[in-house]
Amino acid sequence: MAEVKLGGQAAAELSEAAQRELVDQCEEQFAQLEKLQNEITLCEPESCENPREQAVNRLMATEAELKQWLTVEPELLISNSEVLLQAGKEEMLKLCSELEMVVSCHEAKRDKLRETKELEQKWLEEKKQVLIAANDHVERLQTEKGKLSEQSILQDTKAKIHKIKVYQERLMESLGDILEKHVPLPQNESATKRKKKNITQELDEDLISLNEILELLMNKVLNTPHDPYVTVDGTFWPPYTEMLLRYGIAVRHQENNFKIRLETFC
């Protein structure tokens, strides 16, 4: 649309004589093109029996014509200075428009590269800060390592182990108090109640508490992790064992129903 507009403006700026001369020149050139087209059409040979030979002949003729045109110097189609000046103006305007588009594209690319550069510089600064902090930490650790002796490290390790043991004992005591309060050992019922319930069996006095059962299971896992199963004997009250199995605290042996182990919690 811009080119059409420019062409219309150029035609309006030309004088009537220049416009008439330009139209006459165009008509003359179109007439010459039609004449040449008719001559080419008449000179085309009819289809021969050997298409390969025909193609070679056309190629040779085209090459000869190309060499002839290369030796000919180009001539202006029109010598009117007014028309040439207007054509030059149009070409300059077109070239300026294309150059403006190129400049705009390059400015957009420049802004994008500048933004990328700023982001990269920011990332580089952050990495430098991280590197500085890491180097400071390494230097501090090396300094502390030089100050600490083997004896101090051993004492520190013993203190940590003792602290962990004390904490474990407190946890076990708290667990025993909770189990003793909420899950006490079964008591033998009176004779009157046993008669009412038709119970003839006496509870074994050697039954161990739920806390002791859990301690056995945990100690077995810690001491012999390759064989964590504990044999269920008469000291295990069956309801305790069933409760541990039902709530997923313990797991029964796949081949021996009289062995259980603590569930692996992870």
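Scroll up to find the structure.
Residues numbered from 1 in each chain as written. Predicted model: local features only at pLDDT ≥ 70, side-chain atom pairs only at ≥ 80, totals over all residues. Heavy atoms only, no water.

**Student:** Explain the environment of I208 residue by residue, including any values.
**Tutor:** Inspection of the secondary structure assignment puts I208 in the loop between α6 (191-197) and α7 (210-223). Linking I208 and F236, residues 28 residues apart in sequence, is a C-alpha distance of 6.3 Å. Sequence-distant contacts of I208, that is, excluding residues within four places in its chain, are made with L185, I213, L216, T235, F236 and Y240. (Helix = DSSP H or I, 4+ residues; strand = E, 2+ residues; numbered from the N terminus. Contact = heavy atoms within 4.5 Å.)

**Student:** Explain the packing of α7 against helix α8 (residues 238-246) to me, using residue names and the numbers behind them.
**Tutor:** Remark: α7 packs on α8, axes separated minimally by 11 Å, with the N-to-C direction vectors making an angle of 55 degrees. Here α8 runs oblique to α7, going by the angle between their axes. In the crossing of α7 with α8, the sense of the turn from one axis to the other is right-handed. The residues of α8 that touch α7, namely those facing L210, I213, L214 and L217, are Y240, M243 and L244. (Axes fitted to C-alpha atoms, helices over the stretch in contact; angles between N-to-C directions. Parallel < 35°, antiparallel > 145°, perpendicular 65-115°, else oblique. Left-handed = near helix turned anticlockwise from the far one by under 90°.)

**Student:** Mind laying out the sheet that holds strand β2 (residues 250-252), listing which residues take part and the relevant values?
**Tutor:** Strand order in this open sheet of three strands is β1-β3-β2, and the pairing throughout is antiparallel. The sheet is open, and its two borders are formed by β1 (230-231) and β2, each paired with just one other strand. Here β2 pairs with strand β3 (residues 259-262) via three bridges, running antiparallel. Across the sheet, V251 pairs through a bridge with R261, a residue of β3. Contacts from α7 reach β1, β2 and β3, with the element oriented near 75 degrees to β3. Each of β2 and β3 touches α8; the most contacted strand, β2, lies at about 100 degrees to it. (Pairing = 2+ DSSP bridges.)

**Student:** Quick rundown of the side chain of R261? Include the residues and the values.
**Tutor:** Relative to the helices and strands, R261 resides in strand β3. Lacking a salt bridge, the buried R261 has E263 as its closest oppositely charged neighbour, with an N-O distance of 4.2 Å. A polar atom in the side chain of R261 sits 3.2 Å from the side chain of Y229. For R261, the residues in contact, after removing those within four places along its chain, are L217, P228, Y229, I249, A250 and V251. (Buried < 20%, exposed > 50% of the residue type's maximum accessible area, 1.4 Å probe, protein only. Lys, Arg positive; Asp, Glu negative; His and termini not counted. Salt bridge = Lys/Arg side-chain N within 4 Å of Asp/Glu carboxyl O. Polar contact = N/O pair within 3.5 Å; in protein donor to acceptor, adjacent residues only side chain to side chain.)

**Student:** A description of the side chain of N211 should follow, citing residues and the corresponding values.
**Tutor:** The topology assignment puts N211 in helix α7. Relative accessible area serves as the criterion here: at 15%, N211 is assigned to the buried category.

**Student:** Tell me what's going on with the nonpolar core, and back it up with residues and numbers.
**Tutor:** Counting 15 residues, the largest nonpolar core has L210, I213, L217, F236, L244, A250 and I260 as its most contacted members. Looking at this core, the elements that each hand over two or more residues are α7, α8 and β3. Take this core: its biggest share by element is four residues, from α7. Leaving out residues up to four positions away in the same chain, A250 has contacts with L217, L244, L245, I260, R261, L262 and E263. (Core = buried A, V, L, I, M, F, W, Y, C linked by side-chain atoms within 4.5 Å.)

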